[in-house]
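Below are the chains, spelled out letter by letter.
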Amino acid sequence: DWLGRLSESLYLSDKTLSGRHESLECLSTALTSLPPHYQLVLRLRYYEKVDFHRIADRLKRSYDATRMLHDRALKRLRKEIELLAGHDSTNETSH
């Protein structure tokens, strides 16, 4: 399913989420907290399986701007998931 594909692209550590059900539930909640343009680019890429050139056309952006939007959306989503799961990746690396 599309949430599974999206989850795989996030490269979250095993400590972040436990179990597939919790992972997908957390992912779904985190997605809804994103700004609409981030939600849209992720939905087009992972749910509708649209390539970046077509996403760029639909969003009326350049290819590079679309890739950057996608990368920022993933980064923000990863951060939201870590917050929901009760982990702060910045604290884990500062020991």
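Only a predicted model underlies this, so the values are computations on that prediction, with no experimental measurement involved.

Draft legend 1. Region of interest: the packing of aromatic side chains. Under the defined criterion, the tally for this structure stands at 1 aromatic pair. Cation over ring: Arg67 sits above Phe52, and NZ or CZ is 4.2 Å from the ring centre.

Draft legend 2. Seen up close, the pattern of salt bridges. Applying the stated criterion across every chain, the model contains 4 salt bridges. Note that Arg58 and Glu48 form a salt bridge whose closest N and O atoms lie 3.1 Å from each other. Taken together, the positions of Arg58 in helix H4 (residues 52-59) and Glu48 in the loop between helix H3 (36-47) and H4 put the pair 10 residues apart, joining distant regions of the chain. With a relative accessible area of 52%, Arg58 lands in the exposed category. Since its relative accessible area comes to 32%, Glu48 is described here as partly exposed. One connected set of salt bridges, linked through shared partners, spans Arg43, Glu48 and Arg58.

Draft legend 3. Main features of the side chain of Glu80. Following the sequence through the fold, Glu80 ends up in helix H5 (residues 63-84). The buried category is assigned to Glu80, whose relative accessible area is 18%.

Draft legend 4. Representation of the packing of H3 against H4 in the model. Where H3 contacts H4, the two axes come as close as 10 Å, and the packing angle between them is 140°. Classified by the angle between their axes, H3 and H4 sit oblique to one another. For the element pair H3 and H4, the recorded crossing hand is right-handed. On the side of H3, the interface is formed by Leu40, Val41, Leu44 and Arg45, while H4 contributes Phe52, Ile55, Arg58 and Leu59. Its residues placed into classes, the contact of H3 with H4 shows 6 nonpolar, no polar and 2 charged.

Rules behind the numbers
- The residue numbers shown here count from 1 along each chain, following its written sequence.
- For a predicted model such as this one, the threshold for reporting local features is a pLDDT of at least 70, and the threshold for listing and counting side-chain atom pairs is 80 or more; totals across whole chains, interfaces and linings nevertheless cover every residue.
- Here the side-chain values reflect all heavy atoms present in the structure, with hydrogen atoms and water set aside.
- Stacked, tilted and edge-to-face pairs are distinguished by plane angle, under 30 degrees for stacked and over 60 for edge-to-face with tilted covering the rest, among Phe, Tyr and Trp rings (Trp via its six-membered ring) whose centres lie within 6.5 Å.
- When the NZ atom of lysine or the CZ atom of arginine is within 6 Å of a ring's centre and also within 35 degrees of its normal, the charge is said to sit over that ring.
- Criterion for a salt bridge: a side-chain nitrogen of Lys or Arg within 4 Å of a carboxyl oxygen of Asp or Glu.
- The helix and strand labels rest on DSSP assignments: H or I over at least four residues marks a helix, E over at least two residues marks a strand, and numbering proceeds from the N terminus.
- Burial classes follow relative accessibility: with a 1.4 Å probe on protein chains only, a residue under 20% of its type's maximum area counts as buried, one over 50% as exposed, and anything between as partly exposed.
- Every angle, taken between N-to-C directions, lies between 0 and 180 degrees, and every axis is a line fitted to C-alpha atoms, over only the stretch in contact when it is a helix.
- Just so you know how the angles are binned, under 35 degrees is roughly parallel, over 145 roughly antiparallel, 65 to 115 roughly perpendicular, and the rest oblique.
- Crossings are sorted by hand: turned counterclockwise from the far helix by less than a right angle, the near helix makes the crossing left-handed, and turned clockwise it makes it right-handed.
- Here, two residues are considered to be in contact whenever any of their heavy atoms come within 4.5 Å of each other.
- We call Asp, Glu, Lys and Arg charged. Ala, Val, Leu, Ile, Met, Phe, Trp, Tyr, Cys and Pro are nonpolar, and the rest, Gly among them, are polar.

Worth remembering: the numbers are spatial, not functional.
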